[in-house]
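Examination of the molecular architecture
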Amino acid sequence: FEIIDKNGNTVTNASKIGTGYKVKMASGKNYTLIVWGDLNGDGEISISELAAASRVASDPNTKVSDIQLLAMDVSRDGNVKIPDLAVLSRLKNEG
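On a predicted model such as this, the values are computed, not experimentally measured, just so you know.

A closer look at the overall build of the chain
Assigned secondary structure in the chain consists of three helices and three strands. The principal-axis extents of the C-alpha atoms in the chain amount to approximately 40 × 25 × 20 Å. In the chain, once contacts between residues fewer than 6 apart in sequence are set aside, the share between residues at least 24 apart is 36%. For the chain, the accessible surface area stands at approximately 6000 Å², while carbon and sulfur atoms represent 52% of it. Within the chain, the 12 negative side-chain charges are centred at a point lying 2 Å from the centre of the 11 positive side-chain charges.

Side note on a nonpolar patch on the surface
A contiguous nonpolar patch, built from F1, M25 and Y31 and spanning about 350 Å² of accessible area, is present on the exposed surface. Turning to its location among the elements, M25 is positioned in the loop between β2 (22-24) and β3 (30-32).

Comments concerning the sheet that holds strand β1 (residues 2-4)
Spatially, the three strands line up as an open sheet ordered β1-β2-β3, and their pairing is antiparallel. Strand pairing shows two members of the sheet lacking a second neighbour, β1 and β3, which therefore form its edges. Taking each pair of neighbouring strands and ignoring which way they run, the sheet shows an average axis angle of 20 degrees.

Rules behind the numbers
Residues numbered from 1 in each chain as written. Predicted model: local features only at pLDDT ≥ 70, side-chain atom pairs only at ≥ 80, totals over all residues. Heavy atoms only, no water. Helix = DSSP H or I, 4+ residues; strand = E, 2+ residues; numbered from the N terminus. Contact = heavy atoms within 4.5 Å. Areas by Shrake-Rupley, 256 points an atom, 1.4 Å probe, with all protein chains shown as cover. Lys, Arg positive; Asp, Glu negative; His and termini not counted. Charge placed at Lys NZ, Arg CZ, Asp CG, Glu CD. Patch = residues over 30% accessible without salt bridge, like charges linked within 9 Å, V, L, I, M, F, W, Y side chains within 5 Å. Salt bridge = Lys/Arg side-chain N within 4 Å of Asp/Glu carboxyl O. Pairing = 2+ DSSP bridges. Axes fitted to C-alpha atoms, helices over the stretch in contact; angles between N-to-C directions.

Next up, the structure:
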């Protein structure tokens, strides 16, 4: 398999994987990776990303990309809610 970063470059040292990275399998299948809380693809959860998730939780009509919504929706129920924010906050603090 091959790992491709969000800019289309092959990753040779995958010490940090970010949302939007792709895994190209030898079989030809491709998978997009989601890292909970990582909205910008740098592999980390920042305060600004937590703030963005909070905005989405308080106003579900806030515009975000599908991949960003997946990175925020830890419960996988299609919505960003307080429990999702609690998990993301804990992950940031442990990170």
